[in-house]
Every structure is written in structure tokens, then in C-alpha cells.
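Fold and geometry: a report
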Amino acid sequence: SVRVALLKKNKQGVSVCALVEENINHSHLQQVLVNIARQLKALSRFPFFLPKDQIMAVSQSQVAMKRFDLLSYQSKQEQYIQIGMQLAQSLELAYEELLYDYHTFAEQNSVEAYACRLSVVEDKLSALADSGFRLSVIELQTQSLMRLYYKKIIPFSGKIALLVDI
């Protein structure tokens, strides 16, 4: 199934403005996403545009987590590439097949990296883009709401964000 939550930032934190769920069954994912966008528009009392801040949650079972020692690199770009290469080697996958991110723990001089095969999310990303969705972030399912609420890593540009769970 596909679940989409329209979230609004307020003084108390984040509240759910709308929650739409639709089963995929034998439908094409793109058509399900178009239907969901229509439902969100129908639920809105104002002229509706999909929010600029959009997060897709990826199931933990589709993601590998690895911890590496932090090495000194010249730039963030170099660090990102080196971590990707370490992930590819440890997971025995081609670098080009990975979609990954990492978090640095400077006090422990280590990096926690998260990766999934690009092929796992490629169809979902294509269907989302073809349906008018524009993702800002792809995040682990268990951390997507925490990222919005606690860490506030994504500044809500319009105080409204969208969370997509496929």
C-alpha cells in the first residue's frame, strides 16, 4: 500500500493535516500516486500544491547499515565517495548500484552508513516523479518522522511537508 501524510509545523511540533492510503493491488504505482494527489487536493480547503518538502520513507528491511572508522579526507565530497566505495566493497555491490547516506560520529571517530540497492527504489522514484512528486529526502522509515520533528534537519519552507511511504 501507499501512505501519504501531509504534515504541518506548528508551535507544538508537527501535526498531521491529512493522511491518505491506497492499496496498490494490481494497479500501477504511478496511477495510485496520481489518485493520492487528487485525494489530497480534494481534502484541502485552499488552492492546493504539493509541498516543497517531501520525504520518502524506505523500509528498514531494504537497507543495510555499516559502521566504519572515520578517515581524514580533504573534502566532504571525497569523504562521501570513499564511504560509498567502502560500502560497495563490504556489501559486494558495484558503487553505481548503491543509494546511500551516512552520519558522522566525531566523538567516536566513526561513520554509520546506510545503503540500499538503487534498483530497490528506482521504480518508486520514477513513479513519484512522473506523478508530480519532488522528493527532498529519502529516509529510513523509522527515522523519517524523527528527522522532521526532533532534528529539524529539513527546514519547513512553507511550514508544510509531505511524507510518502510505499
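To start, this report covers the structure provided alongside it. (Residues numbered from 1 in each chain as written. Predicted model: local features only at pLDDT ≥ 70, side-chain atom pairs only at ≥ 80, totals over all residues. Heavy atoms only, no water.)

What about the packing of aromatic side chains?
Each aromatic ring pair is summarised here by two numbers: the centre-to-centre distance and the angle between the ring planes. What counts, and what does not: Stacked, edge-to-face and tilted labels apply to pairs of Phe, Tyr and Trp rings (six-membered ring for Trp) whose centres lie within 6.5 Å, assigned for plane angles under 30 degrees, over 60, and everything in between, in that order.
With the rule as written, the count across this model stands at three aromatic pairs. Joined through ring pairs, the aromatic side chains of Tyr80, Tyr95, Tyr100 and Tyr102 make up one cluster.

Quick word on unusual backbone geometry
Quick reminder of the rule: A helix here means a DSSP run of H or I that spans at least four residues, while a strand means a run of E at least two residues long, and both kinds are numbered starting from the N terminus. For each residue, the accessible area found with a 1.4 Å probe, counting protein chains only, is set against the maximum for its type, and the residue is called buried under 20%, exposed over 50%, and partly exposed in between.
A positive phi is found at Glu92, a non-glycine position, where the angle reads about 55 degrees. Inspection of the secondary structure assignment puts Glu92 in the loop between α2 (76–91) and β5 (98–105). Exposure remark for Glu92: the relative accessible area of 74% places this residue in the exposed category.

Overview of the nonpolar core
Nonpolar side chains tend toward joint burial in soluble globular proteins. Formally: By nonpolar core is meant a set of buried Ala, Val, Leu, Ile, Met, Phe, Trp, Tyr and Cys residues that side-chain atoms within 4.5 Å join together. It only takes one pair of heavy atoms within 4.5 Å for two residues to be counted as in contact.
Core analysis: the largest hydrophobic core is formed by 23 residues, its most contacted members being Val2, Val4, Leu33, Ile36, Leu40, Phe133 and Leu162. Only β1 (2–10), β2 (13–22), α1 (29–43), β3 (53–58), β6 (110–117), α3 (118–130) and β8 (160–165) provide two or more residues apiece to this core. Considering each element in turn, this core owes the most residues, six residues, to α1. Setting aside residues no more than four positions away along its own chain, Val4 makes contact with Ala18, Leu19, Val20, Ile36, Leu40, Leu162, Leu163 and Val164. Counting twelve residues, the second-largest nonpolar core is a separate cluster that includes Ile83, Tyr102, Val111 and Ala115.

A few points about the side chain of Glu22
Going by this rule: By the counting scheme adopted, Arg and Lys are positive, Glu and Asp are negative, and His together with the chain ends is not counted. By definition here, a salt bridge exists when the distance from a side-chain nitrogen of Lys or Arg to a carboxyl oxygen of Asp or Glu is within 4 Å. Polar contacts here mean pairs of N or O atoms no more than 3.5 Å apart (in protein, one a potential hydrogen donor and the other a potential acceptor; neighbouring residues in sequence count only if both atoms are side-chain atoms).
Among the structural elements, Glu22 can be located in strand β2. Put simply, Glu22 is tucked away with no salt bridge, and the nearest opposite charge, on Arg38, sits 8.6 Å away. Separated by 3.2 Å, the side chains of Glu22 and Asn35 make a polar contact. In contact with Glu22, other than residues within four places in its own chain, are Ser1, Val2, Val32, Asn35, Ile36 and Gln39.

Topic: the packing of α1 against α3
Selection rule: Under this scheme, a helix contributes an axis fitted over its contacting stretch, all axes are lines through C-alpha atoms, and angles between N-to-C directions fall in the 0 to 180 degree range. Oblique is the label for any angle not under 35 degrees, not over 145, and not in the 65 to 115 range, which are roughly parallel, roughly antiparallel and roughly perpendicular in turn. Each helix crossing is assigned a hand: it is left-handed if the near helix lies turned anticlockwise from the far helix by less than a right angle, otherwise right-handed if that turn is clockwise. Ten residue types, Ala, Val, Leu, Ile, Met, Phe, Trp, Tyr, Cys and Pro, are classed as nonpolar, four, Asp, Glu, Lys and Arg, as charged, and the remainder, Gly among them, as polar.
Across the interface, α1 lies against α3 with an axial gap of 9 Å and an inter-helix angle of 45 degrees. The orientation of α1 relative to α3 falls into the category oblique. The handedness of the crossing between α1 and α3 comes out as right-handed. Between α1, through Leu29, Gln30 and Leu33, and α3, the contact on the second element is made entirely by Asp123, Lys124, Ala127, Leu128 and Asp130. Here the residues of the contact of α1 with α3 are counted per class, giving four nonpolar, one polar and three charged.

Some words on the sheet that holds β2
To keep things clear, this is the line we draw: We call two strands paired when DSSP finds no fewer than two bridges between them.
With respect to topology, five strands assemble into an open sheet ordered β2-β1-β8-β3-β7, the strand pairing being mixed. Of all strands in the sheet, those bounded by a partner on one side alone are β2 and β7 (137–140). Direction aside, the axes of adjacent strands within the sheet are offset by 25 degrees on average. Of the strands in this sheet, β1, β2 and β8 are in contact with α1, which crosses β2 at around 130 degrees. Contacts from α3 reach β3, β7 and β8 within the one sheet, and its direction differs from that of β3 by about 155 degrees.

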